[in-house]
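What follows is the residue order along each chain.
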Amino acid sequence: MSGTASNSKAGLSWLLKMAWRDGKASGRRLFLFMASIILGIAALVSIQSFSDNLEENIVLQSKALMGADYIIDSNHLPNEKVQAIIDSLGGAAGREVNFASMASFPEKNATKLVQVRGIEGGFPLYGELETTPAIAATAYQGYGGALVDATMMLQFGLKQGDSVKIGETTFPIAGRLDSAPGSTALTSSVAPAIIVPYRFIEGTGLLQLGSRQEYSYYFKSSPDLDLEEMDKTLDPVLDAEGADLDTHTSTSRRLGRRYDNVGKFLNLVAFIALLLGCVGIASSVHIYIKEKLRAVAILKCLGATRKQSFFIYLLQIAGMGLAGGIIGTVGGLILQLLFPVILGEFLPFEVQLTLAVKPIVMGLLLGVFLSVLFAMLPLMGTWYVSPLQVLRVQEHTPKSSRRAYFMILGSILLFIFLFSLWLLQRLQYALAFVAGIVVTFAILAGIAALFMKLVKKYFPNSWSFTARQSLLNLFRPNNQTMTLLLAIGVGTFLISTLYFTKDILLAKATLEENANSPNLMLLDVQTEQRDSVARNITPRGLRIIDNIPIVTMRVQSIKGRPVDDIREDTTSTINQWILNHEFRVTYRDSLIASESLISGKWTPEMTPGGAIPISLADNVAIDAQVAVGDTIDFNVQGVLMKTVVGSIRYVDWGRMQLNFSIVFPKGVLENAPQFHVLTTKTPSAKASAQLQRELVRAFPNVSIIDLRQILSLIEGILDKIAWVINFMAFFSILTGIIVLIGAVRTSKYQRIKESVLLRTLGAKNAQILKITALEYLYLGILGSLFGILLSLLSSMLLAALVFETAFTPSWIPFLILLPGITLLVLAIGLSNSRSVLNSPPLEVLRKEGR
Amino acid sequence: MTNILNVQQLKKTYSSGTKTITVLDDITFSVFRGDTFAIVGPSGSGKTTLLGLCAGLDQADAGSIELCGSQMAHLNEDQRALLRNKEVGFIFQDFQLLPTLTALENVSVPLELQGANHARQFANELLGKVGLADRSHHYPSQLSGGEQQRVALARAFSNSPSILFADEPTGNLDEETGEKVVQLLFDLNREAGTTLVIVTHDPDLAKRTQHILRLKGGKILENVSTMAT
């Protein structure tokens, strides 16, 4: 026999036939399994597909995004060397100077901080300035008109022919600026753009010491010019002269990276939805296969081998996974059409959506792979079930299944790790993510086990019959405590963590409201203007809260090494921005609220003799690789100044106030060329507008930032970000609910026979209902409570380690999520009992037996 | 006459907590090809355990079982499954039909496992023989107990087995239905020339077989031949 009957003749087609026969009769029970996989895949495919499209669009539209093949820009007029480079490149095809300034609109009696862009030549060399009327895009150059940002035109009710005053010059408005290369709705809402001809900028009188300008030179390259090579050779030379080279390829890379981060975050949210879906797969297949074990034993009795009976259900699950993958992928592709609408204001261009192959293939493969992987543990049961089950129920699983169990568990963890590594591209993050999941599962499983043990040990024998029955259900054979607590707990944990994280992000940006918090910031106040500006403010009963002097300087050498040497040293790990940046430095005798000393000693005032003790922000000290006691020489507008790092401060950059990387003690920079920032607090928006109008009239070079406006702008942006997060979280929540419905509904088949039996023995509907309600109530409360507590813990860790901010947890998850999820569990659980309560016992058993 | 089943000094124990319970001890008997054979005894006497071991559903702790010329101890689980598929038919007290398959599909499965291409046709014929031709597309839950056991009978004969094991085939049926099913079982058995091993505690049913093996407390009480033909 052993030599003759080693192969069964039934092949793949029979396995497929059996999988189909069995599946079509059980499809109803696997509907939620399908729903879990569909939602997870849809979330991931939509985001992946949109990210791919975005990346492709950035590359395709990179020239139009920049308006040129490459740009040389600098914070000051090019020096001789830079000018020589510009000339050697054949001269620029267009140039621009831009800076922030106040603009006033005399007809409307209004003022606003704007981005003034003086343009000359053929800019944009690619793409176009979209204006209304269209002719204004070229006509403004001829007669010296201004193109004004469309939203601002609408805001102030401006029309073509009105005037705008910038500095000393008044321009007629040539038309509405609908879009310009490189600007997003977001950037233009902070400081909307006004484009005027370059030749009129001088006349505004705004190009003076201290004001921040950027000069850009736009180039069109010949098709054979290797931009990458040019970037490599020319950029370091320009860097040394305080200028910069941006090619359209490097810009698209940078932009790609920026949106890549957004994509990564959204991908992670989608991955969480997918993982929740996987929990759904595992829990629904677990119960499904448990019910099938008897059928497997019968099949084995009839002569099916272990492999055959295993493959029947494997094929069934894979088929469902494929179907789920297909539906999810199609859903994802449709869903991605929504993304340009949701993310519209964050994007610098219109995204053309095409069918990306990678996400489609990924969606289909993941559908099958995840279904099989997460169903594998329960599926292994079919391999080890003995045909003897047909004659008598065996409770023990054979020992050999333990090895398979750990191998599958290992594979699941490996998959989660590799997939999150692929999404996040950082080993530490991927490890932390996997560790987080393992710890969460372990804690929840531990709580479930402990809970069962405690209920068993301290069983309240004096309780009523129904209360005792509901408690018994929690730990007797075939109980669902572990599965349901894991599903409810993990679902609540993820949803609640998302909520707390959003809280942390939003709380970080709120403005502290007290009497000393300024709400109006006056920038670029020249030293000689300082007193007269103050005299304009104080008679109104307003107080000058801050008077902050600012001196610009560059680093000349670090620890005795000139920056030129450091730049040429390829082994140096000092961050390049330190070497090239023009620092805006202040001097004062004390720390402010957003600062705290980390190391060294704070020096309030310079005492004669020795190097100047300065204070660095911790990030600058890290990037410059200096510690307390190290020397740094600065070039303060031509004068060399030797300093020593006296202290290192922690700076909370998230606070809405003027923070500085470098602070000098008093008694050093008082006579250096400087400008000032004054702040005050106005009682109302109206008073603020009036003050701004008058200040702009008297001091056209002074820029005014209305923090009230900025705050509402930030709130608007955060609202939009929150909306995007919520939109993605919706997938997780929906999948979570489906997992819950799946887990609770599948436990229906465990409970139904017992309920029918109780009914047969004479239990009333109310008693059965009470037993069921109490069981799900315990599980709902316990699962959601521990899910929220765990998320509280993880959010605290996130706040401390990632966001580096204090975290005051909101009560909302406890007040809304806890009762909400508990009620949901209760409702789904009770809906299970409907069929038991409304039909005769035998009918129920027959119907459910199929 | 040749033996189809040879059981020698069979022993089977189960452990329950720290205790070891001997369910079968020193069981030796043979069944001739084409014979009808009953295993009887009170509840807990080891009848069903003996049937499971003889059919290769479980493994003995000591002794040997030779079924259709194959030593069970020499076969692994899959080889035993293939042997069952080729040589063995089953009837169970609680029918054990696959709930998600129709009557016709249930009867076809053993033949399909053999790769037979006439499975459906043969299954239909068998359902006709048990009087269920018109219920072939019904699921088990849509059939009565008697009908389910008739489907199980058709399935048991579908692979033309050499030996058929029946575990309390009338245990879940009323007397009248039980009698009809037993009659059908013996008719089909006669027609196919199959060896029949029945586990039962019904003395009337046992009397209809040619041999009776009586068990008590896991040991053979007697092994007698009856006058039945």
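The shown structure was predicted, so the numbers you read here are calculated from the model rather than taken from an experiment.

Peer 1: Would you take a moment to explain the overall build of chain A for this structure?
Peer 2: A tally of helices and strands in chain A yields 26 helices and 21 strands. Counting over 850 residues, chain A shows a buried share of 41%. Put simply, of all contacts in chain A between residues at least 6 apart along the chain, 85% involve residues at least 24 apart.

Peer 1: What's the story with the overall build of chain B in this structure? I'm lost.
Peer 2: Counting its secondary structure elements, chain B contains seven helices and ten strands. A burial count over chain B gives 52% of its 229 residues as buried. Restricting to contacts in chain B with at least 6 residues of sequence separation, those with at least 24 account for 69%.

Peer 1: What is the right way to look at the pairing of strand 1 (residues 3-16) of chain B in this model?
Peer 2: The side chains of a regular strand alternate between both faces of the sheet. Residue and element names in this part refer to chain B. When strand 1 meets strand 2 (residues 19-32), the two strands line up antiparallel, connected through ten bridges. Each residue of the ladder has a partner; that of Leu 10, found in strand 2, is Ile 27. Connecting the antiparallel pair strand 1 and strand 2 is a turn made up of two residues, with Gly 17 showing a positive phi of about 65 degrees. Where strand 1 lies against strand 4 (residues 62-67), five bridges are found, and the strand directions are antiparallel. Directly across from Val 7, in strand 4, lies its bridge partner Ile 65.

Peer 1: Could you clarify how one ought to interpret the sheet that holds strand 4 of chain B in this entry?
Peer 2: Hydrogen bonds between backbone atoms are what pair the strands of a sheet, whose relative direction is either parallel or antiparallel. All names here are of chain B. Strand order in the open sheet formed by four strands is 2-1-4-5, and the pairing between neighbours is antiparallel. The open sheet has two free edges, formed respectively by strand 2 and strand 5 (70-71), since each of these has just one partner strand. Here strand 4 pairs with strand 5 via two bridges, running antiparallel. Along strand 5, the bridge assignment pairs Leu 67 with Ser 70. Helix-sheet contacts for helix 1 (residues 47-54) involve strand 1, strand 2 and strand 4, and the interaxial angle to strand 1 is about 120 degrees.

Peer 1: When you look at the sheet that holds strand 8 (residues 195-200) of chain B in this model, what are you seeing that I'm missing?
Peer 2: Residues and elements named next belong to chain B. Pairing is mixed in the open sheet, where six strands are placed in the order 6-7-8-3-9-10. Here the strands that pair on one side only, and so sit at the sheet edges, are strand 6 (88-91) and strand 10 (219-225). For this sheet the average axis-to-axis angle between neighbouring strands, irrespective of direction, equals 15 degrees. Strand direction decides the pairing type here: strand 9 (residues 211-216) and strand 10, joined by six bridges, are antiparallel. Residue pairing in the sheet places Leu 215 in a bridge with Ile 220 of strand 10. Each of strand 3 (36-40), strand 7 (163-167), strand 8 and strand 9 is contacted by helix 1, which is oriented at about 150 degrees to strand 8, the strand it contacts most.

Peer 1: Whenever I open this one, helix 6 (residues 175-192) of chain B confuses me. Can you help?
Peer 2: Residue pairs spaced three or four apart in an α-helix point in one direction, given the helix's 3.6 residues per turn. All names here are of chain B. Given a rise of 1.5 Å per residue, 18 residues ought to cover 26 Å, and the 25 Å separating the end C-alpha atoms of helix 6 matches this to within 8%. Along helix 6, the positions that sit buried rather than exposed are Gly 178, Val 181, Val 182, Leu 185, Leu 188 and Asn 189. The buried side chains of helix 6 occupy one side of the element, clustering within an arc of 135 degrees when seen end-on. Set apart from the buried face of helix 6 by more than 90 degrees, the exposed residues are Glu 176, Gln 183 and Glu 191. Check the buried side of helix 6 and you find it contacts strand 3, helix 4 (119-129), helix 5 (145-158), strand 7, strand 8 and helix 7 (203-207).

Peer 1: I would appreciate a short explanation of helix 3 (residues 103-113) of chain B in the present structure.
Peer 2: Buried residues dominate helix 3 of chain B, accounting for eleven of its eleven residues. Residues of helix 3 of chain B that are buried include every one of Ala103(B), Leu104(B), Glu105(B), Asn106(B), Val107(B), Ser108(B), Val109(B), Pro110(B), Leu111(B), Glu112(B) and Leu113(B), and no others. Buried residues along helix 3 of chain B sit against helix 1 (12-26) of chain A together with helix 2 (77-87), helix 4 and helix 5 of chain B. A positive phi of about 80 degrees marks Gly115(B), the residue just after helix 3 of chain B.

Peer 1: Could you clarify how one ought to interpret the pairing of strand 7 of chain B in this entry?
Peer 2: Residues and elements named next belong to chain B. Summarising burial for strand 7: five of the five residues are buried, a large majority. The alternating pattern of strand 7 places Ile 163, Phe 165 and Asp 167 on one face and Leu 164 and Ala 166 on the opposite face, and all of these are buried. Looking at chain direction, strand 7 and strand 8 are connected through five bridges and run parallel. In the sheet register, Ala 166 faces strand 8, and the bridge partner there is Ile 198. In this fold, the crossover linking strand 7 to strand 8 by way of helix 6 has right-handed handedness.

Peer 1: Please clarify how the confidence of the model for chain B should be interpreted in this entry.
Peer 2: Any region with low pLDDT has predicted coordinates that should not be read closely. Chain-level pLDDT for chain B is 87 on average; 98% of the residues reach the 70-or-more range. Predicted complex metrics record ipTM = 0.86 and pTM = 0.68.

Peer 1: Looking at this structure, I do not really get the interface of chain B and chain A. What am I missing?
Peer 2: The figure often quoted for interface size is the accessible area lost as the parts come together. Between chain B and chain A, the residue contacts involve 34 residues of the former and 28 residues of the latter. Of all the secondary structure elements, the ones that give two or more residues to the side of chain B that touches chain A are helix 1, helix 2 and helix 3 of chain B. The element that contributes the greatest number of residues to the side of chain B that touches chain A is helix 2 of chain B, accounting for nine residues. For the side of chain B that touches chain A, the per-class residue count stands at 14 nonpolar, twelve polar and eight charged.

Peer 1: Which parts of the structure should I look at to understand the packing of helix 3 of chain B against helix 5 of chain B?
Peer 2: Between two packed helices, what matters for the description is the angle formed by their axes and the separation of those axes. All names here are of chain B. The geometry of helix 3 relative to helix 5 is characterised by a closest axis approach of 8 Å and an angle of 20 degrees between their N-to-C directions. Compared by their axis directions, helix 3 and helix 5 come out roughly parallel. Note on packing geometry: the crossing formed by helix 3 with helix 5 is right-handed. Every residue of helix 5 that contacts helix 3 at Ala 103, Asn 106, Val 107, Pro 110 and Leu 111 is listed here: Val 151, Ala 154, Arg 155 and Ser 158. Split by residue class, the contact of helix 3 with helix 5 holds six nonpolar, two polar and one charged.

Peer 1: Help me understand the packing of helix 1 of chain A against helix 11 (residues 306-335) of chain A in this model?
Peer 2: All names here are of chain A. Running from N to C, helix 1 and helix 11 cross one another at 60 degrees; their axes reach a closest spacing of 8 Å. As for how helix 1 packs across helix 11, the hand of that crossing is right-handed. Side by side, helix 1 and helix 11 meet where Leu 15, Leu 16, Met 18, Ala 19, Asp 22 and Gly 23 of the first sit next to Gln 308, Phe 311, Ile 312, Leu 315, Gln 316 and Gly 319 of the second. Residues that form the contact of helix 1 with helix 11 fall into these classes: seven nonpolar, four polar and one charged.

Peer 1: Would you take a moment to explain the nonpolar core for this structure?
Peer 2: When a protein is soluble and globular, its nonpolar side chains tend to lie buried together. Counting 176 residues, the largest nonpolar core has Cys54(B), Leu153(B), Phe165(B) and Val197(B) as the members making the most contacts within it. The leading source of residues in this core is helix 10 (residues 248-301) of chain A, at 22 residues. Among the nonpolar cores identified, the runner-up in size contains 94 residues, and Ala174(A), Tyr217(A), Val555(A) and Ile648(A) belong to it.

About the criteria used
- Residues numbered from 1 in each chain as written.
- Chains lettered and ligands numbered in written order.
- Predicted model: local features only at pLDDT ≥ 70, side-chain atom pairs only at ≥ 80, totals over all residues.
- Helix = DSSP H or I, 4+ residues; strand = E, 2+ residues; numbered from the N terminus.
- Buried ≥ 20, exposed ≤ 12 C-beta atoms within 10 Å, placed from the backbone.
- Contact = placed C-beta atoms within 7 Å.
- Pairing = 2+ DSSP bridges.
- Axes fitted to C-alpha atoms, helices over the stretch in contact; angles between N-to-C directions.
- Expected span 1.5 Å × (residues − 1).
- Arc of directions from axis to C-beta.
- Right-handed = clockwise from strand over helix to strand, strands pointing away.
- pLDDT = per-residue confidence, 0-100.
- Nonpolar A, V, L, I, M, F, W, Y, C, P; charged D, E, K, R; others polar.
- Parallel < 35°, antiparallel > 145°, perpendicular 65-115°, else oblique.
- Left-handed = near helix turned anticlockwise from the far one by under 90°.
- Core = buried A, V, L, I, M, F, W, Y, C linked by C-beta atoms within 7 Å.

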